Amino acid sequence: MLLTISTTARPATDLGFLLHKHPDRVQEFGQSFGTATVFYPEAGEERCTAALLLDVDPVSLARSRGKGSPDFSLSQYVNDRPYAASSLLAVALADVFRTARAGRCRIRPELAERPLPLEVRLPVLPCRGGPELAGRLFEPLGWEVSAQAVPLDEGFPEWGDSRYVRLELRGAVRLADALNHLYVLLPVLDHGKHYWIAPDEVDKLIRAGEGWLRDHPERGLITRRYLGRHRALARTALARLAELGDDTEERLEPAVAEEPTPAEETSPTEATSPAEETAAAEPAGEAAVPQEESPARPASPLSVKRREAVLATLEELGASSVIDLGCGQGELTGELLARPRFARVGAMDVSSMALTIAARKLKLDRMPERKRARLHLFQGSLTYTDKRLSGYDAAVLMEVVEHVDPPRLEALERVVFGHARPPHVLVTTPNAEYNVRYEFLTGMRHPDHRFEWTRAEFARWATDVAARYGYRFAVKPVGDDDPELGPPTQMGVFTRDQGS
C-alpha cells in the first residue's frame, strides 16, 4: 500500500517538521501485520513529498485474526490487503504520524495551525460506492477530488470497472486535519476493518472527527461504516455527535445502495454477538438513552427536546425576533423560520463550513423571497463586538458556551450581555452530573468541550453574569429530570431588568 502527501508551501521541506520525520532519512515502523516505511521521494524548497509505504505480511495478518473469525482457508493469505489502501493503512498512519495527527509541532507551532496546499495520492483504494462516493465524503471537507475507477482488466473493457479507484486530493487544509480525514475515511470507503471493533472505537471516531464530522452531510454513513455496521455503537456515536449542538441524529439507513460484502472478505468486525443482533434489529436513529430507561419506549433525541424547550420558552417570552448564536447546521434556525410569529431571525456561526451546510439544509437558494427576507445568516465570533448581534428580542446560545475556552468566556459575556443586550438570553449547556447515564461515554460528551458544568457550577456562573449585566435568571430542566443527577441539559433563561 502506498500513500503520498505533497506540499508546495515554501519552504516545502517544512513538511518534515509537521510529520516529525526527517526528509533525509528512511524510517521503518513495525506493525503487527507488517512494516510501515516513511521516506521522501522529493524534498526541495518548492515541493516536498512524503510517502508512507506499508508492506503487509499476509501470514502475520492471518495470525492476528480473532478466534471467532470465519476461516476461509486460502483467502486468509491471498487477498487484496497487501496492495490496496484500507484500514490497515489507516492504523499504520495513526501510529506513524501520531503527533502530526494531534496538530502538535513544538518547533513550528504556527505552521501546524495553518492550512497548507496539500496533494494526497492513493494509487489503489477499495471504494464500495465508486468514485462518486469518494467525492461525497471528501469534497465537503474542502478537498478537490479526482477519483478514477480502476478497470477489471484494461484488455477487456467490456468487463467493466472494479471496486477500486485511484484517488487524488488537492486542497488548502491543515495537515493534522488531512491525516484525520484519511484515518476515518479510508476504512469507510473500503467498508471494512481488519480488526475487532470494540466500544472504544466510538471514542477514536469522535477524537479523529473533531471539528469536521459533526457538520459533515454524510455523518450517518461515515459513522455506520466506520463502526462496522454495529448499530448499537453507531447510535451511541451519533448521540454523542448530536450533543455538540443543535443537531438531530441522522437515521442509520444506508444513504446509497451498497454492494454486499463477499463471504471471502468477511472480517472479524462482522462477527456479531446475540446482544448486538438484538440491537441491530431495533429501529435505527434513536438517541442513546440512559441505561435505566426501557428500550421498549425509546425517548426522543435530546437535541429535539432541547430545541422544543427553547422554542416553547421563546413563545412564552413573547419574542418576535430571535438570533441563533452558534447556529451550526441551522436546525433551530429552520424551526424559527417555520413559525411566522418570529418575524426576524438571525443566525451566526464561526464556522464557514457549518454555514454552508446550514444554507443547503435550509434550501436558501430556493427559499421564497418573503421567508428569505426574514433571515440574516452570517459568519462571526461571539468573543468580538459585532453590531449585527443587536436589535433582537432574544438571543439563543444552544450548546455553545462549553466550546469556549474558560479565559474567553468573559469576552463572550461582554459581547452578548454587555453590548448586544437583548431583553432575553437563553443558554443551554450539558449537565456534567448526568454523564454517568450514558453508556460508553468516557470523560466529557465531546473532546471539543472545554468544560462541562454541574448544576451548581452553572447556577454560580449565571448568577454572576446576571448581577454584572443587570439581568434576572431562572434555570429550566431539559430532558428527563433524574431525581439524583438532574436533567441531561440545563437551560438558563436571562431577562433584562427594566430600566437597565
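Values in this document were obtained by computation on a predicted structure and should not be read as measured data.

Q: How should I be thinking about the overall build of the protein chain in this particular structure?
A: What the protein chain contains, in helices and strands, is 17 helices and 14 strands. The buried share among the 500 residues of the protein chain stands at 53%. Taking all contacts inside the protein chain whose residues are at least 6 apart in sequence as the whole, residues at least 24 apart take part in 74%. With the model as given, the accessible surface of the protein chain reaches about 21900 Å², and the carbon-plus-sulfur share is 51%.

Q: What is the right way to read the packing of aromatic side chains from this model?
A: In this description, a pair of aromatic rings is defined by centroid distance and the angle of the planes. A full pass over the atoms with the stated rule returns 12 aromatic pairs. Here Phe 156 and Trp 159 contribute two aromatic rings whose centre-to-centre distance is 4.6 Å and whose plane-to-plane angle is 10°, an arrangement assigned as stacked. Members of the aromatic cluster, each reached through a chain of ring pairs, are Phe 417, Phe 451, Trp 453, Phe 458, Trp 461, Tyr 469, Tyr 471, Phe 473 and Phe 494. Arg 341 extends its terminal NZ or CZ atom over the ring of Phe 342, reaching a point 5.7 Å from the ring centre.

Q: Can you walk me through the environment of Ile 206 in this structure?
A: Within the element layout of this structure, Ile 206 appears in helix H8 (residues 200–208). Exposure remark for Ile 206: the relative accessible area of 1% places this residue in the buried category. It is 7.1 Å that separates the C-alpha atoms of Ile 206 and His 446, two residues lying 240 residues apart in sequence. Those residues in contact with Ile 206, other than ones at most four positions away along the chain, are Ala 237, Arg 240, Leu 241, His 446 and Pro 447.

Q: Whenever I open this one, helix H9 (residues 219–226) confuses me. Can you help?
A: The periodicity of an α-helix, 3.6 residues per turn, causes residues three or four places apart in sequence to face the same way. With 8 of 8 residues buried, H9 lies mostly within the body of the structure. When we look at burial in H9, the residues that qualify are Arg 219, Gly 220, Leu 221, Ile 222, Thr 223, Arg 224, Arg 225 and Tyr 226. Of the residues flanking the end of H9, it is Gly 228, one or two places downstream, whose phi is positive at about 60°.

Q: Help me out: how do you make sense of the pattern of salt bridges in this one?
A: Two side chains that carry opposite charge are able to pair once their charged atoms sit near each other. Going through the model one piece at a time under the given rule, you end up with 28 salt bridges. Salt-bridge contacts for Arg 170 lead to Glu 168; the nearest nitrogen and oxygen are separated by 3.3 Å. The residue Arg 306 makes a salt bridge to Glu 399 at a minimum N-O spacing of 3.6 Å. Here Glu 399 lies in the loop between strand S11 (394–398) and helix H16 (406–420) and Arg 306 lies in helix H12 (residues 302–317), a separation of 93 residues in the sequence. Like Arg 306, the residue Glu 399 is buried in the burial classification. Each of Glu 42, Arg 47, Glu 119, Arg 121, Glu 168 and Arg 170 takes part in a single network of salt bridges with overlapping partners.

Q: Whenever I open this one, the side chain of Asp 324 confuses me. Can you help?
A: Relative to the helices and strands, Asp 324 resides in strand S8 (residues 321–325). No salt bridge forms around the buried Asp 324; measuring N to O, its nearest opposite-charge neighbour Arg 214 is 8.7 Å away. If near-sequence neighbours (up to four positions away) are discounted, Asp 324 is found in contact with Leu 332, Thr 333, Gly 346, Ala 347, Met 348 and Val 396.

Q: Teacher, can you tell me more about the confidence of the model for the protein chain here?
A: Residues with a pLDDT of 70 or more make up 81% of the protein chain, whose mean pLDDT is 82. Predicted confidence is poor over residues 66–72, with pLDDT under 50, and the contacts of this stretch with residues over four places away or in other chains come to 9 contacts. Confidence over residues 244–298 falls short of pLDDT 50; this stretch has 129 contacts with residues more than four positions distant or in other chains.

Q: Looking at this structure, I do not really get the packing of helix H7 (residues 175–190) against H9. What am I missing?
A: Angle between the axes and distance between the axes: these two values describe a pair of packed helices. Interaxial distance between H7 and H9 falls to 9 Å at its minimum, and their mutual angle equals 80°. It follows that H7 is roughly perpendicular to H9 by the angle criterion. Of the residues in H9, those touching H7 at Tyr 183, Val 184, Leu 185, Pro 187, Val 188 and Leu 189 are Ile 222, Arg 225 and Tyr 226. Here the contact of H7 with H9 is composed, by residue class, of 8 nonpolar, no polar and 1 charged.

Q: Can you help me understand the sheet that holds strand S5 (residues 116–126) in this one?
A: Read across the sheet, 7 strands follow the order S2-S3-S4-S1-S5-S7-S6 without closing on themselves; strand pairing throughout is antiparallel. Lying at the two open borders of the sheet, with one neighbouring strand each, are strand S2 (27–31) and strand S6 (144–151). Sheet twist, expressed as the average angle between the axes of neighbouring strands with direction ignored, equals 15°. Relative to S5, strand S1 (residues 2–7) is paired through 4 bridges, and the arrangement is antiparallel. Across the sheet, the residue bridging to Ile 5 is Val 120, located in S5. Here helix H3 (residues 87–96) sits on the sheet and contacts S1, S2, strand S3 (34–43), strand S4 (48–56) and S5; the angle it forms with S4, its principal contact strand, is near 125°. Here helix H6 (residues 130–138) sits on the sheet in contact with S6 and strand S7 (161–173), set at roughly 160° to S6.

Q: Just to check I follow, could you spell out the sheet that holds strand S10 (residues 375–379) for this structure?
A: Strand pairing in a sheet takes place through backbone hydrogen bonds and is either antiparallel or parallel in direction. On the basis of which strands lie adjacent, the open sheet formed by 7 strands has the order S10-S9-S8-S11-S12-S14-S13 and mixed pairing. Both outer strands of the open sheet, S10 and strand S13 (471–478), are each paired with one neighbouring strand and no more. With strand direction ignored, the average angle separating the axes of adjacent strands in the sheet is 15°. Pairing of strand S9 (residues 344–349) with S10, which is carried by 5 bridges, proceeds in the parallel orientation. Residue pairing across strands places Ala 347 opposite Leu 377, the latter belonging to S10.

Quick notes on the rules
Residues numbered from 1 in each chain as written. Predicted model: local features only at pLDDT ≥ 70, side-chain atom pairs only at ≥ 80, totals over all residues. Heavy atoms only, no water. Helix = DSSP H or I, 4+ residues; strand = E, 2+ residues; numbered from the N terminus. Buried < 20%, exposed > 50% of the residue type's maximum accessible area, 1.4 Å probe, protein only. Contact = heavy atoms within 4.5 Å. Areas by Shrake-Rupley, 256 points an atom, 1.4 Å probe, with all protein chains shown as cover. Phe/Tyr/Trp six-rings, centres within 6.5 Å; stacked < 30°, edge-to-face > 60°. Lys NZ or Arg CZ within 6 Å of the ring centre and 35° of its normal. Salt bridge = Lys/Arg side-chain N within 4 Å of Asp/Glu carboxyl O. Lys, Arg positive; Asp, Glu negative; His and termini not counted. pLDDT = per-residue confidence, 0-100. Axes fitted to C-alpha atoms, helices over the stretch in contact; angles between N-to-C directions. Parallel < 35°, antiparallel > 145°, perpendicular 65-115°, else oblique. Nonpolar A, V, L, I, M, F, W, Y, C, P; charged D, E, K, R; others polar. Pairing = 2+ DSSP bridges.

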